[in-house]
Amino acid sequence: TSTTGPWTWPAKGELISRFDPDSGSNGIDIAGSDGSPVRAAAKGKVVYAGTGLRGYGLLIIVKHDETFLSAYAHNRAVTVNEGDEIYSGQVIAEMGQSGASSVRLHFEIRRNGQPIDPLTILPGR
């Protein structure tokens, strides 16, 4: 069970890629328009914001508790800083296509370091 409270969708837009670790997809991709808001999927603390991971572009990682992390990739801009405590639904970035072929949010949830299918935690929509 997740102690982070209810999870919310990190962005509006069409789901264009699903979780498929066999093909190298450790999360989901949500299409959007350049600069549209990316929101924290649950409350937590920003533990990383930068471009140090290849293939993720401008990336934010949020630690929710000892078990769960979430990652938000391909952003155009970040509106929070490392160390910030953030709330669920807070705008943390602007959607972009850094490190991607089109404007999208790549979103991952990791449980104890292992990627899980975000659709198993996010509310239906």
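The model shown is predicted, which means the values in this text are computed figures rather than measured ones.

**Q** Which residues make up the pattern of salt bridges, and what values do they have?
**A** Under the defined criterion, the tally for this structure stands at five salt bridges. Between Asp29 and Arg104 there is a salt bridge, and its shortest N-O distance comes to 2.8 Å. With Asp29 in strand 2 (residues 28-31) and Arg104 in strand 9 (residues 104-111), this residue pair connects regions lying 75 residues apart in the sequence. Connected through salt bridges with shared partners, the residues Asp34, Arg76 and Glu94 form a single ionic network.

**Q** So what's going on with the environment of Ser102? Which residues, and what values?
**A** Within the secondary structure layout, Ser102 lies in the loop between strand 8 (91-95) and strand 9. Note: C-alpha distance between Ser102 and Ser33 (69 residues apart in sequence) is 9.3 Å. In this view, Ser102 contacts Gly96 and Gln97; residues no more than four positions away in its chain are not counted. At a separation of 2.9 Å, a polar atom in the side chain of Ser102 contacts the side chain of Arg104.

**Q** Explain the packing of aromatic side chains to me, and be specific about the residues and the numbers.
**A** With the rule as written, the count across this model stands at two aromatic pairs. Taking the centre distance of 5.7 Å and the plane angle of 65 degrees together, the rings of Trp7 and Phe68 count as edge-to-face. Linking Trp7 in the segment before strand 1 (15-17) with Phe68 in strand 6 (residues 68-78), this pair joins segments that are 61 residues apart in sequence. Classification of Trp7 as buried rests on a relative accessible area of 6%. Taking the centre distance of 5.2 Å and the plane angle of 50 degrees together, the rings of Tyr72 and Phe107 count as tilted. Residue Tyr72 is located in strand 6, and its partner Phe107 is located in strand 9; the two are separated by 35 residues in the primary sequence. With a relative accessible area of 0%, Phe107 lands in the buried category.

Calculation rules
Residues numbered from 1 in each chain as written. Predicted model: local features only at pLDDT ≥ 70, side-chain atom pairs only at ≥ 80, totals over all residues. Heavy atoms only, no water. Salt bridge = Lys/Arg side-chain N within 4 Å of Asp/Glu carboxyl O. Helix = DSSP H or I, 4+ residues; strand = E, 2+ residues; numbered from the N terminus. Contact = heavy atoms within 4.5 Å. Polar contact = N/O pair within 3.5 Å; in protein donor to acceptor, adjacent residues only side chain to side chain. Phe/Tyr/Trp six-rings, centres within 6.5 Å; stacked < 30°, edge-to-face > 60°. Buried < 20%, exposed > 50% of the residue type's maximum accessible area, 1.4 Å probe, protein only.

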